[in-house]
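Structural overview
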Amino acid sequence: LPHASGLMDMQTQPHYVQDIKASIDRFEERDMLFARQDLLRYFCSDSPQYRDYFKYPTDNEIFHQRMHHKAALGGMNSTDAPIFRAQFSWIDQIGTETAVDGTPASNRVSFSPSRAAAKVKGIASMYGADLVRVGPLDQRWTYSHVGATGGDRSGFLPWGTPIDLNRHSHAIALGFKMDRAHLAAAPHFPALLASAQAYALSAWVAVRLAEYIRQLGFSARAHHFSNYQILAVPVAVDGGMGELSRAGYLLTKEYGLGLRLSVVTTDLPLLHDAPRDIGVQSFCSSCLRCAQECPSGAIPAGDKVLHNGIYKWKLDEEKCYAYWHVNGTDCGICMAACPWTKPNTPFHRLMSEAASHTGPHQRWMAQADRLVYGKDRKSVV
């Protein structure tokens, strides 16, 4: 993914920056797989929203009709399912427009960009964020239209509303580690709880951080699980939190793939962190472990392809999502299997530092991980 400024010389750019090859179209949130599924979950097949979206023959309506009749996520049994639902019911309640956005205070506090960045990082860490990075808000990473609304519930923008975030030029990416012991149980129910817990904390931190910035007199909007207006992964990449992996998730040196994201966008002037090349592109090229262990075959084992102007490993979202509904969880096998997703010990920090430098040793390290851990993902905790 590209650095938003595009100002660095191609010879000095990290490898992943050079993967942009053509113009990028803003992504329609209505095209996101979850938003398409919500058309059946919240709107009936006779609704104007459903008829408007599925009027084109290229849309895979049959797939979503089939998924609609599968078991819901978290629906394993009467005692476990409420644990999962309790997390997300509260995320939805702080996903309304009045929770994620608001009117700034009338008087602005004077800050230098470096001081402001230090303050928001400190506050976000105090609130509970494990990683905080600041970067530019590239408008190409904003959705073009609202697609995930929970059925146009009160307090949410209606389905299909055009999105305009041009008032904001800065983005604060917030990373939240997932519980490793629970994640190691993937694809079973504890891994789903690890995901839900990280998403819940990410939402709560983002709305409070956005409110803090508005109290300073600046515009700020939280973007979290129940109300994103941006693509969180490329925003985090631009801020230097990590890189896009073969599995389609953000990969960080600190937590591997075991991370959930939220973002705060703002017009508060902030000093930006530089994007980082941590060796993910070359490492993922030779590792293949996530692709080999993916039960649905959704993660490609081949080379990158050109998708919307960027060379990337293109995940087959429908294969991935179909397995979720067969298994009743959000799987997580790729996260748990990744050689980078290990306890944050001195040994792992040493190995992740070595792995972040491009070279033949990256292939050796991926092979060594297979030998040491094999397919027993529980051994990583």
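Residues numbered from 1 in each chain as written. Predicted model: local features only at pLDDT ≥ 70, side-chain atom pairs only at ≥ 80, totals over all residues. Heavy atoms only, no water.

1. A look at the overall build of the chain
Counting its secondary structure elements, the chain contains 15 helices and eight strands. Looking at the 381 residues of the chain, the share that counts as buried comes to 52%. As displayed, the chain has an accessible area near 16,800 Å², and 56% of this comes from carbon and sulfur atoms. (Helix = DSSP H or I, 4+ residues; strand = E, 2+ residues; numbered from the N terminus. Buried < 20%, exposed > 50% of the residue type's maximum accessible area, 1.4 Å probe, protein only. Areas by Shrake-Rupley, 256 points an atom, 1.4 Å probe, with all protein chains shown as cover.)

2. Some thoughts on the sheet that holds strand S1 (residues 131–136)
Spatially, four strands are ordered S1-S2-S6-S3 in an open sheet, and the strand pairing comes out antiparallel. Edge positions in the open sheet fall to S1 and strand S3 (220–223), since each of these has one partner strand only. Between one strand and the next, the sheet's axes are offset by a mean angle of 20 degrees, whatever the strand orientation. In terms of strand pairing, S1 meets strand S2 (residues 170–177) through six bridges, oriented antiparallel. (Pairing = 2+ DSSP bridges. Axes fitted to C-alpha atoms, helices over the stretch in contact; angles between N-to-C directions.)

3. A word on the side chain of Ser144
The residue Ser144 is located in the loop between S1 and S2 in this model. For Ser144, a relative accessible area of 13% puts it in the buried group. Of the polar contacts made by the side chain of Ser144, one reaches the side chain of His145; its length is 3.1 Å. Not counting chain neighbours up to four residues away, the residues in contact with Ser144 comprise Arg26, Phe27, Glu28, Thr161, Pro162 and Ile163. (Polar contact = N/O pair within 3.5 Å; in protein donor to acceptor, adjacent residues only side chain to side chain. Contact = heavy atoms within 4.5 Å.)

4. Quick notes on the pattern of salt bridges
The full count for this structure, using the stated rule, is 14 salt bridges. Put simply, Lys121, Arg133 and Asp273 are held in one network by salt bridges that share partners. (Salt bridge = Lys/Arg side-chain N within 4 Å of Asp/Glu carboxyl O.)

5. Quick notes on the nonpolar core
Counting residues in each nonpolar core, the largest one holds 96 residues, and the members touching the most others are Val120, Ile172, Leu174, Leu209, Ile213 and Val264. Of all hydrophobic cores here, the second largest spans seven residues; its members include Leu39, Leu40, Tyr50 and Tyr53. (Core = buried A, V, L, I, M, F, W, Y, C linked by side-chain atoms within 4.5 Å.)

6. Re the packing of aromatic side chains
The description of an aromatic ring pair rests on the distance of the ring centres and on the angle between the ring planes. The final tally for this structure, using the stated rule, is 11 aromatic pairs. Ring geometry for Tyr53 versus Phe54: centroids 5.1 Å apart, planes at 85 degrees, classification edge-to-face. Phe54 sits in the buried class, given a relative accessible area of 10%. Ring pairs connect the aromatic residues Phe84, Phe88, Tyr199 and Phe225, which therefore count as one cluster. (Phe/Tyr/Trp six-rings, centres within 6.5 Å; stacked < 30°, edge-to-face > 60°.)

7. Comments concerning helix H4 (residues 81–93)
Look at H4: 19 Å from first C-alpha to last across 13 residues, which is about the 18 Å you get at 1.5 Å a residue. Considering only its buried residues, H4 is in contact with helix H8 (189–215). (Expected span 1.5 Å × (residues − 1).)

8. Remarks on helix H10 (residues 280–287)
The element H10 is extensively covered by neighbouring structure, given that six of its eight residues are classed as buried. Residues of H10 that are buried include every one of Val280, Gln281, Phe283, Cys284, Ser286 and Cys287, and no others. Two residues or fewer past H10, Leu288 is found with a positive phi of approximately 70 degrees.

9. Some points on the confidence of the model for the chain
Mean pLDDT over the chain works out to 87, with 90% of the residues at or above the 70 mark. For the stretch residues 1–15, pLDDT sits under 50, and the model shows 33 contacts to residues farther than four places along the chain or on other chains. Counting contacts from residues 376–381, a segment whose pLDDT is below 50, to residues more than four positions away or on other chains yields 19 contacts. (pLDDT = per-residue confidence, 0-100.)

10. Examining the environment of Ala198
Residue placement: Ala198 occurs in helix H8. According to the relative accessible area criterion, Ala198 is buried, its value standing at 4%. With near-sequence residues (within four places) excluded, Ala198 lies in contact with Phe176, Lys177, Met178 and Arg260.

11. Description of the environment of Asn107
For Asn107, the position within the fold is in the loop between helix H5 (97–100) and helix H6 (113–127). Classification of Asn107 as exposed rests on a relative accessible area of 62%. Sequence-wise, Asn107 and Phe218 are 111 residues apart; in three dimensions their C-alpha atoms are separated by 8.9 Å. Among residues more than four places away in sequence, those in contact with Asn107 are Leu216 and Gly217.

12. With respect to the packing of H4 against H8
In contact at an axis separation of 9 Å, H4 and H8 are set at 20 degrees when each is read in the N-to-C sense. By the angle class used here, H4 and H8 are roughly parallel. As H4 runs across H8, the sense of the crossing is left-handed. Seen from H4, the contacting residues are Ile83, Phe84, Gln87, Phe88 and Ile91; seen from H8, they are Phe189, Leu192, Leu193, Ala196, Gln197, Tyr199, Ala200 and Ala203. Along the lines of polarity and charge, the residues of the contact of H4 with H8 split into 11 nonpolar, two polar and no charged. (Parallel < 35°, antiparallel > 145°, perpendicular 65-115°, else oblique. Left-handed = near helix turned anticlockwise from the far one by under 90°. Nonpolar A, V, L, I, M, F, W, Y, C, P; charged D, E, K, R; others polar.)

13. Some points on unusual backbone geometry
Cis geometry marks the peptide bond from Ala186 to Pro187; its omega dihedral reads 15 degrees. Examined against the element boundaries, Pro187 turns out to sit in the loop between helix H7 (180–183) and H8. A positive phi angle, near 70 degrees, is found at Leu288, a position not held by glycine. Relative to the elements of secondary structure, Leu288 occurs in the loop between H10 and helix H11 (289–293). Unlike most non-glycine residues, Asn308 shows phi in positive territory, near 50 degrees. As for its position among the elements, Asn308 is in the loop between strand S7 (305–307) and strand S8 (310–312). Overall, Asn308 belongs to the partly exposed group, its relative accessible area being 32%.

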